[in-house]
Amino acid sequence: MAVKLETRYLDGFVREHELTSLQAQVNVAHEMLHNGTGLGNDFIGWLDLPVNYDKDEFARIKAAATRIKEDTDVFIVIGIGGSYLGARAAIEFLKSNNYNAKKKDTPDIYFAGNSISGAQLAELLEICEGRRVSINVISKSGTTTEPAIAFRVLREYLENTYGHEEAVRRTYVTTDKARGTLKALADREGFETFVVPDDVGGRFSVLTAVGLLPIAVAGCDIDALMKGAADAREALVDPDLANNDCYRYAAARTALHRRGRAVELMVSYEPQYAMMSEWWKQLYGESEGKDGKGLFPASVIFSTDLHSLGQFVQDGSNILFETVVKFDKAPRELLIKEDAENGDGLNFLAGKSMSFVNEKAFEGTVLAHTDGGTPSLVLNVPAMDEASLGWLIYFFEKACAISGYMLGVNPFDQPGVESYKKNMFALLGKPGYEEARVALLARLGQ
């Protein structure tokens, strides 16, 4: 089940002694994390979450998912950032990036409240017409602009469609356990509620109710998901770089960063992994991008993006390295058949699986990119199943914490995220922002 790291494609870019020389810093980061002495230690509840989660709530999540699967055609998850990325990533990873188009015995799942596009929300309302709808709003406070607007619109839709009592039954709230606008509303209206833990930040929250309810509604095995994460927690506790591929990954990306590589490009050869890359980008971008520091996280799907960005990766400025997530077993298989005319000249592939061709595409690409000056890390994942996903999620979360401490930042805060919100509130005329509004309008020439 374990995720395994290959570093052979670092040869000529980072020497082995550069990695081993980071052992002392890794040890310090490990102690800070496990002893709770590092910055942001109020938000390390994810560290033991795979074994210390609320078992009663977990049972309620499964029960709610069963009800939703029975009485719902369209399930709408309202949230932004960590309140939706993890769930969507897991569903597409485990089921398909074409999940809603597939024939299945689970509801279609849509995600709202992650933009301020009226066109997108209006289209979603059209999709809901004539179908049974339930919603899950996810917000610690209930006042984050994007999901709050979507919840206001969709709550009104449920009220108009079903009446108050049935609308309440079809509304599921994941929020703070004791306080906040959304919690107060849920208590007043009688919505079923689930908890966003105080000690788990949004981008680390996929294995809490934030992610687990939508994932379970999609028909995924959340017991196996948690088991995979629990196994990773047990396996990734030795700080020795020779025995811990998670820490070795953190050390390798640190060494590459210090060598002047400014961008980490996550690569997968499976389109179902695309949203996992989006989740990973938030995890690392929000955790490390502060104090003028951090790698910029970017992503591609190969071979698709070899026909767009491949030229830059091959021959462009040497600012990046690749982290390739590679699966030992494809989720589905398809054989290439012989064609009598052989007009495309591909009969030499007859009898081969597409996975075999994909593997050769990886091998050819990684060698070409290495020759072109782009080093690669390769993470080998056993399968695209729940246990492997749980392991991979925990692997990335822990590596992120270790990398952040080695970088000298607080991996668990996000002070820069608030800047745009303050400006937006002022420009929208929110009470209390009058002075800031005048200054901003002047800067905009309005």
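What this report covers is the structure whose coordinates are included nearby. Please read these numbers as outputs of a predicted model, since none were measured by experiment.

A closer look at unusual backbone geometry
Okay, so step 1: The omega torsion of the bond from Phe-302 to Ser-303 falls at 10°, within 30 degrees of zero and hence cis.
Okay, so step 2: Within the element layout of this structure, Ser-303 appears in the loop between strand S8 (296-301) and helix H14 (310-315).
Okay, so step 3: Although it is not a glycine, Asp-291 adopts a positive phi angle of roughly 55°.
Okay, so step 4: Turning to its location among the elements, Asp-291 is positioned in the loop between helix H13 (274-288) and S8.

Examining the side chain of Glu-57
Okay, so step 1: By secondary structure assignment, the location of Glu-57 is in helix H4 (residues 55-71).
Okay, so step 2: One buried charged residue, Glu-57, forms no salt bridge at all, with the nearest opposite charge on Arg-60 at 4.0 Å.
Okay, so step 3: Those residues in contact with Glu-57 that lie beyond four places of it in its chain are Phe-194, Val-195 and Ala-209.

Description of the sheet that holds S8
Okay, so step 1: Read from one edge of the open sheet, five strands run S1-S10-S9-S7-S8, paired in mixed fashion. Looking at strand neighbours, the two that pair on one side only are strand S1 (4-6) and S8, the edges of this open sheet. Sheet twist, expressed as the mean angle between neighbouring strand axes with direction ignored, is 25°.
Okay, so step 2: As defined by bridge partners, strand S9 (residues 320-327) adjoins strand S10 (residues 376-381) across six bridges and the pair is classed as parallel. Bridge pairing in S10 links Glu-322 to Ser-376.
Okay, so step 3: The strands that helix H15 (residues 354-371) touches are S9 and S10; relative to S9, the one it contacts most, it runs at about 165°.

A few points about the nonpolar core
Okay, so step 1: Core analysis: the largest hydrophobic core is formed by 94 residues, its most contacted members being Trp-46, Leu-213, Trp-279 and Phe-396.
Okay, so step 2: The dominant element in this core, judged by the number of residues it contributes, is helix H16 (residues 386-407), at 13 residues.
Okay, so step 3: Apart from the residues within four sequence positions on either side, Leu-213 is in contact with Ile-61, Ala-64, Ala-65, Ile-68, Phe-75, Asn-136, Tyr-172 and Phe-194.
Okay, so step 4: Membership of the second largest hydrophobic core comes to 22 residues, among which are Val-74, Leu-124, Leu-158 and Val-168.

Section: the packing of helix H2 (residues 23-35) against H16
Okay, so step 1: Relative to each other, H2 and H16 sit at 115°, their axes nearing to 9 Å. Judged by the twist between their axes, the crossing of H2 over H16 is right-handed. Here H2 contributes Gln-25, Val-26, Ala-29, His-30, Met-32, Leu-33 and His-34 to the contact with H16, which in turn contributes Lys-398, Ala-401, Ile-402, Tyr-405 and Met-406.
Okay, so step 2: Taken together, the residues of the contact of H2 with H16 sort by class into eight nonpolar, three polar and one charged.

Regarding the side chain of Ser-205
Okay, so step 1: Topologically, Ser-205 is positioned in the loop between strand S6 (192-195) and helix H10 (209-217).
Okay, so step 2: A relative accessible area of 1% places Ser-205 in the buried class.
Okay, so step 3: The contacts of Ser-205, once residues within four sequence positions are left out, are Gly-82, Val-200, Val-210 and Gly-211.

Structural notes on the environment of Ala-184
Okay, so step 1: Mapped onto the secondary structure, Ala-184 falls in helix H9 (residues 181-189).
Okay, so step 2: Look at Ala-184 and you get partly exposed, because its relative accessible area is 41%.
Okay, so step 3: C-alpha separation for the pair Ala-184 and Ala-350, spaced 166 residues apart in sequence, amounts to 63 Å.

Examining H15
Okay, so step 1: Between its first and last C-alpha, H15 extends 26 Å over 18 residues, near the 26 Å set by a 1.5 Å rise per residue.
Okay, so step 2: Buried within H15 we find Phe-362, Thr-365, Val-366, His-369 and Thr-370. Buried residues of H15, seen end-on, are gathered within an arc of 125° and therefore sit on one face of the element.
Okay, so step 3: Of the residues trailing H15, Gly-373 is marked for its positive phi of about 105°.

Focus: the sheet that holds strand S5 (residues 171-175)
Okay, so step 1: Ordered in space as S3-S2-S4-S5-S6, the five strands form an open sheet in which the pairing is parallel. Edge positions in the open sheet fall to strand S3 (108-112) and S6, since each of these has one partner strand only. Taking each pair of neighbouring strands and ignoring which way they run, the sheet shows an average axis angle of 20°.
Okay, so step 2: The pairing of S5 with S6 spans four bridges and is parallel. In the strand pairing of S6, Thr-174 is matched with Phe-194.
Okay, so step 3: The strands touched by H9 within the sheet are strand S4 (133-138), S5 and S6, with S5 carrying the most contacts at an inclination of about 145°.

Considering H9
Because an α-helix packs 3.6 residues into every turn, residues spaced three or four apart end up facing the same way.
Okay, so step 1: Three or more residues of H9 are buried, namely Leu-182, Lys-183, Leu-185 and Ala-186. Buried residues of H9 fall within an arc of 165° about the axis and therefore sit on the same side.
Okay, so step 2: Along its buried surface, H9 packs onto S4, helix H7 (145-162), S5 and S6.
Okay, so step 3: Remark: Gly-190 follows H9 within two positions and exhibits a positive phi of approximately 90°.

Cut-offs and rules
Starting from 1, residues in each chain are numbered consecutively following that chain's sequence as written. Confidence filtering applies because this is a predicted model: local features only for residues at pLDDT of at least 70, side-chain atom pairs given and counted only at 80 or more, and all residues used for totals across whole chains, interfaces and linings. Only hydrogens and water are set aside; all other atoms, that is, all heavy atoms of the structure, feed into the side-chain values. Elements are defined by DSSP. Helices are runs of H or I of four residues or more, strands are runs of E of two residues or more, and each kind is numbered from the N terminus. The buried label applies to any residue whose accessible area, calculated with a 1.4 Å probe on protein chains only, is under 20% of its type's maximum; exposed applies above 50%, and partly exposed to all values in between. The convention is simple: Lys and Arg are positive, Asp and Glu are negative, and His and the chain ends are not counted. Here, a salt bridge means any Lys or Arg side-chain nitrogen found within 4 Å of an Asp or Glu carboxyl oxygen. The contact criterion used is simple: two residues touch if any of their non-hydrogen atoms lie within 4.5 Å. In short, DSSP must find at least two bridges between two strands for them to pair. Lines are fitted to the C-alpha atoms to define the axes, a helix being fitted only along its stretch in contact, and any angle between axes, read from their N-to-C directions, falls within 0 to 180 degrees. The set of buried Ala, Val, Leu, Ile, Met, Phe, Trp, Tyr and Cys residues whose side-chain atoms join them within 4.5 Å is what this entry labels a nonpolar core. Helix crossings fall into two classes, left-handed where the near helix is turned counterclockwise from the far one by less than a right angle and right-handed where it is turned clockwise. Polar here means any residue outside two lists: the nonpolar Ala, Val, Leu, Ile, Met, Phe, Trp, Tyr, Cys and Pro, and the charged Asp, Glu, Lys and Arg; Gly therefore counts as polar. In this scheme, a helix's expected span is set at 1.5 Å multiplied by one less than its residue total. Read the arc as the range of directions from the helix axis to the C-beta atoms.

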